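# Residue-level structural notes
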Amino acid sequence: MRKLGVFGGTFDPIHYGHLRIAEEARERFGLDHILFVPNKVSPFKIGDTSTPATLRVELVQEAIAGNPHFSVWTGELEREGTSYTVETLRALAQEFPDSALYFLTGTDAVRDIGKWREPEACLTLAQFVAFYRPGVSEAEARIGVPDELEPQIIFAAMNGLDISSTEIRQRVQASRSIRYLVPESVVALIEKKRLYQ
Ligand code: ATP
Ligand code: MG
């Protein structure tokens with residue numbers, strides 16, 4: 001069966017922390033392909049996301065250009081209202097009935113899975129893989145996850161990259177360098193579109 005990675009995020013902007021997770025997942029779980037799924041409005045970030053979805057998609061496209069294993073899936077942007085992972089996974093299961101889905105997250109995101117819409121269904125629709133992110137240890141993430149859900153999640157160690165989109169936005173705002181935190185093409189697009197100023 002084809003193995004399809006699904007990587008949801010705000011990607012405002014995409015950075016090397018995201019790209020390394022996708023690459024680690026591809027290699028370690030033998031994924032055939034990974035879909036980056038930009039959220040329209042994360043239910044946890046309502047009111048905070050100012051960068052239009054179309055630009056966030058362009059940033060992802062720039063970052064993954066030339067990698068035949070990575071592409072962008074914009075299904076969440078076409079739906080009304082906020083984005084729920086369970087709906088995305090249902091849509092992807094329909095669109096790719098011959099693929100096993102792997103949903104990629106960082107430890108900070110998976111820690112809150114108990115607050116998501118229909119977490120049990122999410123875990124049935126996809127194998128969740130939580131990669132270590134500096135700031136939230138695997139143990140802390142496990143404590144946050146409801147006991148009955150925890151055994152269904154694979155926790156994957158990795159050399160954490162302590163990079164966040166928040167930090168990148170703040171650096172741009174403060175006219176500081178973001179080089180080597182994001183791909184060069186992403187730096188260029190951020191400059192061209194005067195994002196985060
Ligand atoms: P923001 O600071 O705006 O919240 P972010 O850097 O956390 O941005 P998101 O788009 O919120 O990026 O994250 C999408 C997914 O990527 C989440 O599952 C998150 O845990 C994971 N992730 C983001 N950055 C890293 C990182 N440096 N290491 C591991 N996982 C990461
Ligand atoms: Mg985040």
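Attention here is on the structure that accompanies the text. What you are looking at is a predicted structure, and each value in this text was computed from that prediction instead of being measured.

Conventions adopted
Residues numbered from 1 in each chain as written. Chains lettered and ligands numbered in written order. Predicted model: local features only at pLDDT ≥ 70, side-chain atom pairs only at ≥ 80, totals over all residues. Heavy atoms only, no water. Near = heavy atom within 4 Å. Polar contact = N/O pair within 3.5 Å; in protein donor to acceptor, adjacent residues only side chain to side chain. Areas by Shrake-Rupley, 256 points an atom, 1.4 Å probe, with all protein chains shown as cover. Helix = DSSP H or I, 4+ residues; strand = E, 2+ residues; numbered from the N terminus. Nonpolar A, V, L, I, M, F, W, Y, C, P; charged D, E, K, R; others polar. Buried < 20%, exposed > 50% of the residue type's maximum accessible area, 1.4 Å probe, protein only. Contact = heavy atoms within 4.5 Å. Core = buried A, V, L, I, M, F, W, Y, C linked by side-chain atoms within 4.5 Å. Pairing = 2+ DSSP bridges. Right-handed = clockwise from strand over helix to strand, strands pointing away. Salt bridge = Lys/Arg side-chain N within 4 Å of Asp/Glu carboxyl O.

### Focus on the site of ligand 1
Close contacts around ligand 1 come from 22 residues, with Asp108, Arg133, Leu161, Ser165 and Thr166 the closest. Here an oxygen atom of ligand 1 sits 3.0 Å away from a polar atom, N or O, in the side chain of His18. Note that a nitrogen atom of ligand 1 is positioned 3.0 Å from one of the backbone N or O atoms of Ile163. Taking 590 Å² as the accessible area of ligand 1 by itself, protein coverage stands at 90%. Only β1 (2–9), α1 (16–29), β4 (99–106), α5 (107–110) and α8 (165–173) provide two or more residues apiece to the shell around ligand 1. Here the shell around ligand 1 is composed, by residue class, of seven nonpolar, eleven polar and four charged.

### So, the side chain of Ser99
In this structure, Ser99 sits in strand β4. For Ser99, a relative accessible area of 10% translates into the label buried. In this structure the side chain of Ser99 is engaged in a polar contact, spanning 3.2 Å, whose partner is the side chain of Arg2. With near-sequence residues (within four places) excluded, Ser99 lies in contact with Met1, Arg2 and Leu4.

### A few points about unusual backbone geometry
The residue after Asp12, namely Pro13, is reached through a cis peptide bond having omega 0 degrees. Position of Pro13 relative to the elements: it lies in the loop between β1 and α1. Even without being a glycine, Phe11 presents a positive backbone phi close to 50 degrees. The residue Phe11 is located in the loop between β1 and α1 in this model.

### With respect to the nonpolar core
In terms of nonpolar packing, the biggest core is built from 35 residues, with Ile14, Phe36, Leu104 and Phe131 touching the most fellow members. Contributions of two or more residues to this core are made by α1, β2 (33–38), α2 (53–64), β4, β5 (127–131), α8 and α9 (184–192). The contact partners of Leu104, leaving out residues within four places of it in the chain, are Val6, Phe7, Ile21, Ala22, Ala25, Leu31, Ile34, Val129 and Phe131.

### Considering the pairing of β2
Within β2, six of the six residues are buried, which leaves the element mostly enclosed by the surrounding structure. Side-chain alternation along β2 places His33, Leu35 and Val37 on one buried face and Ile34, Phe36 and Pro38 on a second face that is also buried. Pairing between β1 and β2: six bridges, direction parallel. Looking at β2, one finds that Gly9 is bridged to Pro38. Traced from β1 through α1 to β2, the parallel crossover comes out right-handed. The pairing of β2 with strand β3 (residues 70–72) spans three bridges and is classified as parallel. Of the residues in β3, the one forming a bridge with Phe36 is Val72.

### Quick word on the pattern of salt bridges
Across all of its chains, the model carries twelve salt bridges by this definition. Across the pair Arg20 and Glu24 runs a salt bridge, and its minimum N-O distance is 2.9 Å. Taken together, the residues span about one helical turn, with Arg20 and Glu24 both in helix α1 at a distance of four residues. When its relative accessible area of 36% is taken as the criterion, Arg20 is described as partly exposed. Glu24 sits in the buried class, given a relative accessible area of 13%. Because the salt bridges share partners, they merge into one network encompassing Arg20, Glu24 and Arg28.

### Some thoughts on the environment of Leu59
Here Leu59 shows up in helix α2. Here the alpha-carbon distance between Leu59 and Ala188, two residues 129 residues apart in the chain, equals 9.8 Å. Once residues lying within four places of it in the same chain are set aside, the contact partners of Leu59 are Pro13, Ile14, Val186, Leu189, Ile190, Leu195 and Tyr196.

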